[in-house]
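# Analysis of the macromolecular model
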Amino acid sequence: MARFRLSKSFEQLGDQLQDALKEVRKKDNMKGLGTFMADLIRKRTRLGYGVEVTGGPRKPLDALNDKYKLLRAKLDLSSETTPGRSNLTRSGQLLDSIQVTSFKEGEVSVGPKGNRTDGGPTNEKLAEYVAEQGRPFNNLSGPEIKQVQQEAAKVVRDILEK
Amino acid sequence: MADKKYVQKEIKIPKAYSRQERMAIGQEIVDYIRARTADGRDKNGSRFPGYSKAYINSLAFKVAGKSKGEVNLKLSGDMLAVLDVLSTNPGKIKIGFDPGAPEAGRAEGNIRGTYGQASGSSSKRRDFLGIEPKALEAILDRYPLDDRAASRERAQETLDIVEGTEEDE
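Rules used in this analysis
- Residues numbered from 1 in each chain as written.
- Chains lettered and ligands numbered in written order.
- Predicted model: local features only at pLDDT ≥ 70, side-chain atom pairs only at ≥ 80, totals over all residues.
- Heavy atoms only, no water.
- Helix = DSSP H or I, 4+ residues; strand = E, 2+ residues; numbered from the N terminus.
- Buried < 20%, exposed > 50% of the residue type's maximum accessible area, 1.4 Å probe, protein only.
- Contact = heavy atoms within 4.5 Å.
- Areas by Shrake-Rupley, 256 points an atom, 1.4 Å probe, with all protein chains shown as cover.
- Lys, Arg positive; Asp, Glu negative; His and termini not counted.
- Charge placed at Lys NZ, Arg CZ, Asp CG, Glu CD.
- Rg over C-alpha atoms; globule rule 2.2 N^0.38 Å.
- 1 Å grid on protein atoms, 1.4 Å probe; cavity = no way out; pocket = protein on both sides within 12 Å on 5 of 7 lines; lining within 4 Å.
- Points joined across faces, edges and corners; volume = space filled by probe spheres on them.
- Nonpolar A, V, L, I, M, F, W, Y, C, P; charged D, E, K, R; others polar.
- Axes fitted to C-alpha atoms, helices over the stretch in contact; angles between N-to-C directions.
- Left-handed = near helix turned anticlockwise from the far one by under 90°.
- Salt bridge = Lys/Arg side-chain N within 4 Å of Asp/Glu carboxyl O.
- pLDDT = per-residue confidence, 0-100.
- Phe/Tyr/Trp six-rings, centres within 6.5 Å; stacked < 30°, edge-to-face > 60°.

When its secondary structure is counted, chain A shows six helices and five strands. Ordered by position from the N terminus, the helices and strands of chain A form the series β-α-α-β-β-α-α-β-β-α-α. Within chain A, the proportion of its 162 residues that are buried is 47%. Excluding contacts between residues fewer than 6 apart, the proportion of contacts in chain A whose partners are at least 24 apart in sequence is 60%. Accessible surface, chain A: about 8,500 Å² in total, of which carbon and sulfur atoms supply 48%. The average position of the 29 basic charges and that of the 22 acidic charges among the side chains of chain A differ by 4 Å.

Structure, rendered in structure tokens:
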């Protein structure tokens, strides 16, 4: 599960900034950050990379074996993949389903969710399965955490400039 | 490993600034570079050269939701996210990348116009690592040397925003 939690210790900061940070920590703003996170993970995975642990580096997803590539060549694949491309995309449902799964003050989580049209396992179960098979993707890399932090800083500046 | 001389840049500023002020000014410089690059402009304020046909037709381009008219050096967003203030000393601020980071290699490719090849083309260069004199002046104006209290307050606020939005450990 990809989760981002804003720092709780800001009492030492100036009053105006404390107010802005309290505003950013509100559920609606955290949900907005979650949408940003979901887009990051979806795009990075479609580019062919996974992340094994939160804060870790992104790594190319394991290559597909030849047999599976031949099978994929016969399928009606999403336009965001090719038969030989390892990017956890076949119909596109798994990555399309990544969304905010929970949010509260100062914290938001994202991940795949919901049922699939093929009637198989849920997107959550499929995500767990592919991670167990050596293709974890639902974690934020170090640079992605920085992107989320920079997005939160933008929201703070917008509030301060109002 | 990227070459330090391409992926790190030293920016000169007045020597009178304290360490805290230098860190804050550096932070504003990297934030400015991110925003200017997102707007499609290089270190001199000129538009980046357009993307190649091969890149525009690639799956990566499509997956990243890019459009051919928007040259902003952003695919995953990681490269510009890790651009950072590396160090400061009286009179100077060093910004850029750790040469060993994977993003540094991408940065070097853009800066030199090499993109994974041995040699680069100046016509393909997208050098974003630097700041125009007027833009630097505008940032330094927020840290007035003749009003140290205001300068220190600005520095504190700039650094506090970064601290306040960090991830909770």
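What follows picks up the thread again.
For the rest of this paragraph, the subject is the overall build of chain B. Within chain B, the regular secondary structure consists of eight helices and three strands. In chain B, the order of α-helices and β-strands from amino to carboxyl end is α-β-α-α-α-α-β-β-α-α-α. Whereas a compact globule of 169 residues would reach a radius of gyration of roughly 15 Å, chain B reaches 17 Å, a difference of no more than 12%. Scored against the burial criterion, the 169 residues of chain B give a buried share of 46%.

Take the layout of surface pockets next. Of the pockets and cavities examined, the largest pocket occupies roughly 1,200 Å³. Lining the largest pocket are 39 residues, and of these Gln150(A), Lys154(A), Arg157(A), Asp31(B) and Arg34(B) lie nearest its centre. Looking at the lining of the largest pocket, the elements with two or more residues in it are helix H6 (142–161) of chain A together with helix H2 (19–38), helix H5 (78–82), helix H7 (133–140) and helix H8 (148–164) of chain B. The biggest single contributor to the lining of the largest pocket is H6(A), with 12 residues. Within the lining of the largest pocket, the residues separate by chemical class into 15 nonpolar, eight polar and 16 charged. The computed volume of the second largest pocket comes to approximately 700 Å³. Taken together, 33 residues line the second largest pocket, and the ones lying closest to its centre are Tyr51(B), Tyr55(B), Asn110(B), Tyr115(B) and Arg126(B). Among the elements of the structure, H5 and helix H6 (102–112) of chain B are those that each provide at least two residues to the lining of the second largest pocket. The element that contributes the greatest number of residues to the lining of the second largest pocket is H6(B), accounting for four residues. The residue inventory of the lining of the second largest pocket, partitioned by class, reads 11 nonpolar, 15 polar and seven charged.

On to the packing of helix H2 (residues 27–46) of chain A against H6(A), then. All names here are of chain A. Between H2 and H6, the least distance of the axes is 10 Å, while the angle of their chain directions is 150°. As for the relative orientation of H2 and H6, their crossing is right-handed in sense. Mapping the contact onto sequence places Asn-29, Leu-33, Phe-36, Met-37, Leu-40 and Arg-44 in H2 and Glu-144, Gln-147, Val-148, Glu-151, Ala-152 and Val-155 in H6. Each residue belonging to the contact of H2 with H6 can be placed in one class, and the counts come to seven nonpolar, two polar and three charged.

Right, let's get into the pattern of salt bridges. Residues and elements named next belong to chain A. This structure, assessed with the given rule, holds 22 salt bridges over all chains. For Asp-96, the salt bridge is made with Arg-46, and the minimal N-O distance between the two is 3.1 Å. Remark: Arg-46 occurs in helix H2 and Asp-96 occurs in helix H4 (residues 93–96); sequence separation between them is 50 residues. By relative accessible area, Arg-46 is classed as buried at 4%. Taken together, the shared-partner salt bridges connect Arg-46, Glu-80 and Asp-96 into one network.

Per-residue confidence for chain A gives a mean pLDDT of 93, with 100% of residues at or over 70. For chain A, the element scoring lowest by mean pLDDT is helix H1 (residues 15–24) of chain A, at 89; strand S2 (residues 49–51) of chain A scores highest, at 97.

What follows deals with unusual backbone geometry. The backbone of Leu88(A) sits at a positive phi, close to 50°, despite the residue not being glycine. Backbone geometry at Leu73(B) places phi at a positive 55°, although glycine is not the residue there. Here Leu73(B) is to be found in the loop between helix H4 (59–63) and H5. A residue is classified by how much of its surface remains accessible, and Leu73(B), at 11% relative accessible area, is buried.

Residue and element names in this part refer to chain B. Per the stated rule, a full pass over the model turns up four aromatic pairs over all chains. Between Tyr-51 and Tyr-55, the aromatic rings sit 5.1 Å apart at their centres with planes inclined by 75°, giving edge-to-face as the arrangement. According to the relative accessible area criterion, Tyr-51 is buried, its value standing at 12%. When the centroid spacing of 5.2 Å and the interplanar angle of 80° are considered together, the rings of Tyr-55 and Phe-61 count as edge-to-face. Residue classification places Tyr-55 among the partly exposed positions, given a relative accessible area of 25%. Counting every residue linked through ring pairs, the aromatic cluster contains Tyr-51, Tyr-55 and Phe-61.

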